[in-house]
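Coordinate analysis (summary)
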Amino acid sequence: MRKSPNKKSASPALVFWIFAGWAGYLLLPWYGVEDGFFSLEWLFDGYPFDADYAPAAFLIGQGEKLWLAPILLPLSAPLLVLRLKKSEPNYSRILILSGTIGFGWLIAQGFGIGIRGFTADWLVALFGVLDDRQFGMGYGALWVASAFLFMFTQGIAARGAVNGDVFVVSAIGGVIVIVTTFVFFPIANMLFAAFVTEEGGYSATVFALKLFDDRLWGIGCLFGARCGAAWNSLFLAITVGLLTTVLGLVFALVVTRSGFRYKRALRALTVLPIITPPFVIGLALILLFGLSGSVTQFVADLFGLQPTRWLYGMPGVLIAQTLAFTPIAFLVLIGVVEGVSPSMEEAAQTLRANRWQTFRTVSLPLMRPGLANAFLLGFIESMADFGNPLVLGGNFDVLSTEIFFAIVGAQYDQGRAAVLAMVLLFFTLSAFYAQRMWLGKKSYTTVSGKGDAGVHPLMPKGLSIPVFLIAGTWGAFTVVVYGMIFYGSFVELWGVNNTLTFKHYITAFSVRFEESGIRWSGAAWDSFWTTIYIAVAAAPLTAIVGLVTAYLLTRQTFVGKNAFEFGTMLSFAIPGTVIGVSYILAFNVPPIEITGTGIILIVSFVFRNMPVGVRAGIASMSQLDKSLDESSLTLGANSWQTFRRIILPLLRPAILAALVYSFVRAMTAISAVIFLVSAEYDMATSYIIGRVENNDYGLAIAYSTTLIFVMLAAVGLLQILVGRTKIGRRTQFGSGEKS
């Protein structure tokens, strides 16, 4: 007869974490190794007696880092529960106390001791001057901290939290800790950095002086002078949000409400900007409209005009961002436009409304959520965009580039960068709030469980003419821009020598075959392989964290669920520029010292792209009936087995969607990456920006073109792997259209 769950003794999971905690304390290097997180060279370089690689137990034995000794007590206490049953009160008490004390002590010693000893004056007064220092945490500290965390969650589960489900409680605890560590902590640390004085203290006056700096808020543009970076960014973001929303709606109407024959080609065209490094469009615009651009030279020769630099500044950045972010608005709006119930539109026409009245009074109001989301995405993407303003900005200052120059420029003013990032974050969060206010609490539901065999009406004639005119013009412009990107990669020196050549590709990606093997001699190979390595590592982690979070949000009910969801989605509202600055400030010193490593790049991609995995998982899991879970649990499976054997196999499209998005974003991101790269870990987009700054446009465009084809190949391969998810037996005739 099967035992009741609360009568069981210690679970295998608890035994594993107790063993993992002791292994981390006795066997693994406590502090980070210089050779890299994934390197094993420390095994052959003085381990375990060398202080750089020694486990905590060996450090204490050598009389060093004695503040690690108290960890032994909470690490030993859980051994007592191995003989207890889960139903006994001491089982949960010991685990909760051990986890709380152990995890709390790790945090206290991590932040209480820095690279110059104690970090607070009261600690110096209490214990005296410490002649030792803290280093960044390594394998050992990571395993011990994880052990304490999951001992705590097992104790909470034993007390009946979330029906005593160990997997669910542990997953909630794990997600909360990693989101707090890699989202909330960096942002909070950045906020504090804005108040730091030159002497290391805190002052509201310093913050106020930097916040109300004339370079930030200057309104000289009203009198013909330059505007401050904040107003420039805000005006640009609002304009880009409006333009991309209108253009996205135009393309969505062409695809869904017209007889346009080449809808597939139009959809394919929308993919290109998404898989393109964001600043590449700026480079193409320079080839067209720059001082030596083909269009500029043609117009100058035709009308006898002097070529100008009109492109550099607000006009160029606006055109580039609109080109880059219109496809995102289209992808948001096409689902919303298709989702309007045809029966409601037919009902309006039955009541003698013409097509224009139906569109204006029925269809368009029901698209408000999509319009609001499309505007919000365009606004945030414009605020966070770094590459296009850097390439085309000229004297037009925006927050993203000002933050960059505050960190990497000669001034190296972390406080100013933090203040600028706070202003940028304020704008984006305000846009979120404004969107919610505009939508209000109205219902926009049009699709119910009843069948709906209606057909969407075509656009009114008065609307279709401008829609097709705008779509045709903008589509042709996009094709020309991408044609220039491809053509420009084969030109010797644009505007000077237009001879076709493979020179740039050879310089970037040349390969030699030598006796010792293949030698990747091209200048771009190091950054290319690093980018592939980082993207491949980040993609599955993003999918795992996102889908586990989605499972908790859709399948479980627990206290604080709304706050939990807000925390996991917060990183979506935070521009990449802010993420980059906050990570530099938070993780440049102990206890988490990962600046300049590949780990910080992987972590930034995981938590920047995690909301996409969450939303993809929620959308797919919402279509799975909860009776599947209940049947599995009734047959004796636990939540972990149900999640692994029932839920995950049915989430294949969502998993691969998260993989595709996170891989592509990691390959093409620049706003956060530009702050986090190092000499050892240089990413492709960072390398390309460096070529642009040196006016080596040919090599930059050749590298960018290569990335586009790599992205197309990766997306195509993953789409082949996804295939079709067949749940029923019915098939469609032809291409899915009515016969």
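Residues numbered from 1 in each chain as written. Predicted model: local features only at pLDDT ≥ 70, side-chain atom pairs only at ≥ 80, totals over all residues. Heavy atoms only, no water.

Here we take up empty space enclosed by the protein. Enumeration according to the criterion identifies three cavities of 30 Å³ or more in this entry. Roughly 110 Å³ of internal volume is contained in the largest cavity. Taken together, Phe251, Leu266, Leu269, Thr270, Pro273, Leu323, Thr326, Pro327, Phe330, Trp474 and Thr478 form the lining of the largest cavity. Those elements that provide at least two residues to the lining of the largest cavity are helix H11 (263-274), helix H14 (314-339) and helix H21 (461-488). Class assignment for the residues of the lining of the largest cavity results in eight nonpolar, three polar and no charged. Of the voids in this model, the second largest cavity is the one considered here, and its volume is about 60 Å³. What lines the second largest cavity is a set of 10 residues, among which Arg257, Phe359, Pro457, Leu458 and Pro460 lie closest to the centre. Here the lining of the second largest cavity takes four residues from helix H16 (residues 355-366), the largest share from any one element. (1 Å grid on protein atoms, 1.4 Å probe; cavity = no way out; pocket = protein on both sides within 12 Å on 5 of 7 lines; lining within 4 Å. Points joined across faces, edges and corners; volume = space filled by probe spheres on them. Helix = DSSP H or I, 4+ residues; strand = E, 2+ residues; numbered from the N terminus. Nonpolar A, V, L, I, M, F, W, Y, C, P; charged D, E, K, R; others polar.)

Among the nonpolar cores identified, the biggest contains 176 residues, and Leu285, Val481, Leu552, Tyr583, Phe607, Phe675 and Tyr703 are the most heavily contacted of them. Looking at which element gives the most residues to this core, the answer is helix H10 (residues 229-256), with 14 residues. Once residues lying within four places of it in the same chain are set aside, the contact partners of Leu285 are Gly290, Leu311, Gly316, Ile319, Ala320, Leu323, Leu392, Phe477 and Val481. By size, the runner-up hydrophobic cluster in this structure holds 29 residues, among which are Tyr25, Ala56, Leu59 and Ile71. (Core = buried A, V, L, I, M, F, W, Y, C linked by side-chain atoms within 4.5 Å. Buried < 20%, exposed > 50% of the residue type's maximum accessible area, 1.4 Å probe, protein only. Contact = heavy atoms within 4.5 Å.)

Applying the stated criterion across every chain yields a total of 46 aromatic pairs. Where Phe111 meets Phe185, the ring centres are 5.6 Å apart and the plane angle is 70°; that geometry is what we call edge-to-face. Highlighted residues: Phe111 in helix H4 (residues 89-112) and Phe185 in helix H7 (residues 166-193), separated in sequence by 74 residues. With centroids separated by 5.3 Å and ring planes inclined at 85°, the aromatic side chains of Phe509 and Tyr703 adopt a geometry described as edge-to-face. Taken together, the residues Phe509 in helix H22 (residues 503-509) and Tyr703 in helix H32 (residues 697-722) connect sequence positions 194 residues apart. Using a relative accessible area of 0% as the deciding quantity, one classes Tyr703 as buried. One aromatic cluster is present, formed by Phe509, Trp520, Trp525, Phe528, Trp529, Tyr687 and Tyr703 through successive ring pairs. The cationic tip of Arg133 hangs over the ring face of Phe135; the distance from NZ or CZ to the ring centre is 4.0 Å. Over the aromatic face of Tyr312 sits the side chain of Arg309, whose NZ or CZ is 4.5 Å from the ring centroid. (Phe/Tyr/Trp six-rings, centres within 6.5 Å; stacked < 30°, edge-to-face > 60°. Lys NZ or Arg CZ within 6 Å of the ring centre and 35° of its normal.)

How two helices sit against one another is set out by the angle between their axes and by the gap between those axes. Between helix H27 (residues 627-634) and helix H28 (residues 639-650), whose axes approach to 10 Å, the crossing angle comes to 140°. As summarised for this structure, H27 and H28 are arranged oblique, according to the angle between their axes. As for how H27 packs across H28, the hand of that crossing is right-handed. Mapping the contact onto sequence places Leu628, Asp629, Ser632 and Leu633 in H27 and Ser639, Thr642, Ile646, Ile647 and Leu650 in H28. Of the residues assigned to the contact of H27 with H28, the class counts are five nonpolar, three polar and one charged. (Axes fitted to C-alpha atoms, helices over the stretch in contact; angles between N-to-C directions. Parallel < 35°, antiparallel > 145°, perpendicular 65-115°, else oblique. Left-handed = near helix turned anticlockwise from the far one by under 90°.)

Looking now at the side chain of Thr501. Inspection of the secondary structure assignment puts Thr501 in the loop between strand E4 (497-500) and H22. Judged by relative accessible area, Thr501 falls into the buried class, the value being 17%. At 3.0 Å, the side chain of Thr501 forms a polar contact with the backbone nitrogen of Lys503. Those residues within four positions of Thr501 in sequence are excluded, and the remaining contacts are Ser489, Phe490, Val491 and Glu492. (Polar contact = N/O pair within 3.5 Å; in protein donor to acceptor, adjacent residues only side chain to side chain.)

Turning to the pattern of salt bridges, a few remarks are in order. Where side chains of opposite charge bring their charged atoms close, a pairing between them can arise. Within the structure shown, the criterion is met by eight salt bridges. Lys210 is the partner of Asp413 in a salt bridge, and the nearest nitrogen-oxygen pair spans 3.3 Å. Of this pair, Asp413 sits in the loop between helix H19 (399-408) and helix H20 (414-439) while Lys210 is found in helix H8 (residues 204-211), placing the two residues 203 residues apart along the sequence. For Asp413, a relative accessible area of 23% puts it in the partly exposed group. (Salt bridge = Lys/Arg side-chain N within 4 Å of Asp/Glu carboxyl O.)

Next up on the list: the confidence of the model for the chain. Overall, the prediction assigns the chain a mean pLDDT of 83, with 89% of residues at 70 or greater. Ignoring residues within four places in sequence, the model shows residues 1-6, a span with pLDDT below 50, making four contacts including any to other chains. Residue range residues 443-453 is modelled with pLDDT below 50. Its contacts to residues more than four positions away, or to other chains, number 15 contacts. (pLDDT = per-residue confidence, 0-100.)

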